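This is what each chain is made of:
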Amino acid sequence: MVKICCIGAGYVGGPTMAVIALKCPSIEVAVVDISISRITAWNSDVLPIYEPGLDDVVKQCRGKNLFFSTDVEKHVFEADIVFVSVNTPTKTQGLGAGKAADLTYWESAARMIADVSKSDKIVVEKSTVPVKTAEAIEKILMHNSKGIKFQILSNPEFLAEGTAIKDLFNPDRVLIGGRETPEGLKAVQALKSVYAHWVPEQRILTTNLWSAELSKLAANAFLAQRISSVNAMSALCEATGANIQQVAYAVGTDSRIGPKFLNASVGFGGSCFQKDILNLVYICECNGLPEVAEYWKQVIKINDYQKSRFVNRVVASMFNTVSNKKIAILGFAFKKDTGDTRETPAIDVCQGLLGDKANLSIYDPQVTEDQIQRDLSMNKFDWDHPIHLQPTSPTTVKKVSVVWDAYEATKDAHGICILTEWDEFKTLDFQKIYENMQKPAFVFDGRNIVDAEKLREIGFIVYSIGKPLDAWLKDMPAVA
Ligand code: UDX
Ligand code: UDX
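Residues numbered from 1 in each chain as written. Chains lettered and ligands numbered in written order. Predicted model: local features only at pLDDT ≥ 70, side-chain atom pairs only at ≥ 80, totals over all residues. Heavy atoms only, no water.

S.K.: Looking at this structure, I do not really get the overall build of the chain. What am I missing?
M.R.: Counting its secondary structure elements, the chain contains 18 helices and 14 strands. Over its C-alpha trace the chain gives a radius of gyration of 24 Å, about what one expects of a compact globule, namely 23 Å for 480 residues. Expressed along its principal axes, the backbone C-alpha trace of the chain runs to roughly 75 × 45 × 45 Å. Put simply, the chain has 480 residues, and 54% of those count as buried. Summed over its atoms, the accessible surface of the chain is roughly 20800 Å², and 53% of this surface lies on carbon and sulfur atoms. (Helix = DSSP H or I, 4+ residues; strand = E, 2+ residues; numbered from the N terminus. Rg over C-alpha atoms; globule rule 2.2 N^0.38 Å. Buried < 20%, exposed > 50% of the residue type's maximum accessible area, 1.4 Å probe, protein only. Areas by Shrake-Rupley, 256 points an atom, 1.4 Å probe, with all protein chains shown as cover.)

S.K.: Hey, could you run me through the layout of surface pockets in this one?
M.R.: It is a probe the size of a water molecule, rolled over the atoms, that shows where empty space is left. Taken as a whole, the second largest pocket holds about 360 Å³ of empty space. The wall of the second largest pocket is formed by 18 residues, among which Asp120, Ile122, Gln151, Glu183 and Lys186 lie closest to the centre. For the lining of the second largest pocket, the element with the highest residue contribution is helix α8 (residues 182–195), accounting for six residues. (1 Å grid on protein atoms, 1.4 Å probe; cavity = no way out; pocket = protein on both sides within 12 Å on 5 of 7 lines; lining within 4 Å. Points joined across faces, edges and corners; volume = space filled by probe spheres on them.)

S.K.: Is there a simple way to think about the sheet that holds strand β9 (residues 326–330) in this case?
M.R.: Note on sheets: strands pair through backbone hydrogen bonds, and any given pair is parallel or antiparallel. Taken together, the six strands give an open sheet; going across it, the order is β11-β10-β9-β12-β13-β14, and neighbouring strands pair in parallel fashion. Where the open sheet ends on each side, the last strands, each with one partner, are β11 (400–402) and β14 (461–464). Taking each pair of neighbouring strands and ignoring which way they run, the sheet shows an average axis angle of 15°. Relative to strand β13 (residues 442–445), strand β12 (residues 415–418) runs parallel, the two being bridged by four bridges. For Ile418, the partnering residue across the bridge sits in β13 and is Asp445. Of the strands in this sheet, β12, β13 and β14 touch helix α12 (residues 290–317), which is tilted by about 170° from β13. Along the sheet, helix α14 (residues 369–377) makes contact with β10 (359–363) and β11, crossing β11 at roughly 155°. (Pairing = 2+ DSSP bridges. Axes fitted to C-alpha atoms, helices over the stretch in contact; angles between N-to-C directions. Contact = heavy atoms within 4.5 Å.)

Structure follows, in structure tokens:
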């Protein structure tokens, strides 16, 4: 029986290993993590992450061929294939601060693998790591190997949160990069045969190590670039009276461009896009390519611009001040169908409004109060460290209350900001909400999910990203 161990039971490691266990009954899969609370949750009825369909998969194989454990060394020792899916935060100090990946956790994982191994192993890079990390990891493993043979592979994960199980069941492609030596090719085949249990052969792409590593950064950069492109257009639409949804539709019907990933929004979030682009920028700079670095940097700049543009719009519309006004925040997760808040645009928008002394009442169906308070008190880039390193008793943000219902959040509010596209926000009783709000009552729709015309008929002043502006908003221009 082949044994797989995955170090890091997070959003990537957990669902990916659960699906491997489900699809490969002949393989024993152990997911290990240094966080006791995370492993306890994986072994309980309330999993540590919310992901549609995940409970079902875990229930079917947990205790049979899927195990969650904190005994990292034992499972690494026993494994034939070790996946590494640990945090790769952006460095906040020293060389490359604000851009380069901090590989501390990766390096210590590699040293530990070398320490405890007594048999040959394939080590699979599952975290997003800068190009050529595999080379560094390979060196650590080789220099500490005591004669044991390690093969390092890069197998980047392309799942998107909220649809992780669907993406894992039916991936567009699985990418495996390895050394082009006989041993390297053998290792690639071994990993390929794991995925071949359920993924059609033509969708399993094999490349060299560097291509696999770079493809992951490139794919995320391209995706983020599409959103920044449509968001840049949304600003122009507002200035000219065009409608971004009509423009995006017209553009997306060109089969060369395609219709997906063209929704204008308050900005992209999530653990990958910004971090991966910063990495790409850093790699370009290190390779003497400042023009290329500058090009990709713009994707992040537009994203930051979009978030601050939204805040400015809110403040400008409300007579240039939100001081002591109650603003309801509907949605805090970085997208619907996840409780994940890493790099969510809601953090920047909330901090912007708090900077103008607003009182916030936040509701999200999946994010806990503790998480929201922690996010709003955390320094930039600090989120990507193992849970136990994060502040456990954050400074309470006094001007923020977290409530468990959209009606409670909007009661007596002056304005509503919709920051996540949760389906339940589409069917809210806005007549009832309007009656319980201060007047004039504002809705700022950062995800274009409400029927703006219907809301205007009720009496709301409505701002929708990239849509023709109400007369009110035209009279109150947002000055950057
Ligand atoms: C992770 C990385 O964060 C991301 O940079 C990479 O691209 C893919 O892998 P994700 O699974 O979403 O993504 O992260 P997270 O949910 O934070 O999980 C990482 C887990 O690794 C945490 O549970 C953490 O406790 C664990 N970990 C970290 C270890 O077990 N050992 C370590 O030394 C460090
Ligand atoms: C992304 C990639 O899609 C995935 O392949 C990779 O493995 C990890 O990074 P994820 O971050 O989970 O996945 O979600 P994604 O659906 O890509 O959304 C990222 C952000 O972009 C979200 O904040 C989302 O709301 C935003 N977005 C997405 C838009 O603003 N407009 C769109 O049209 C699509």
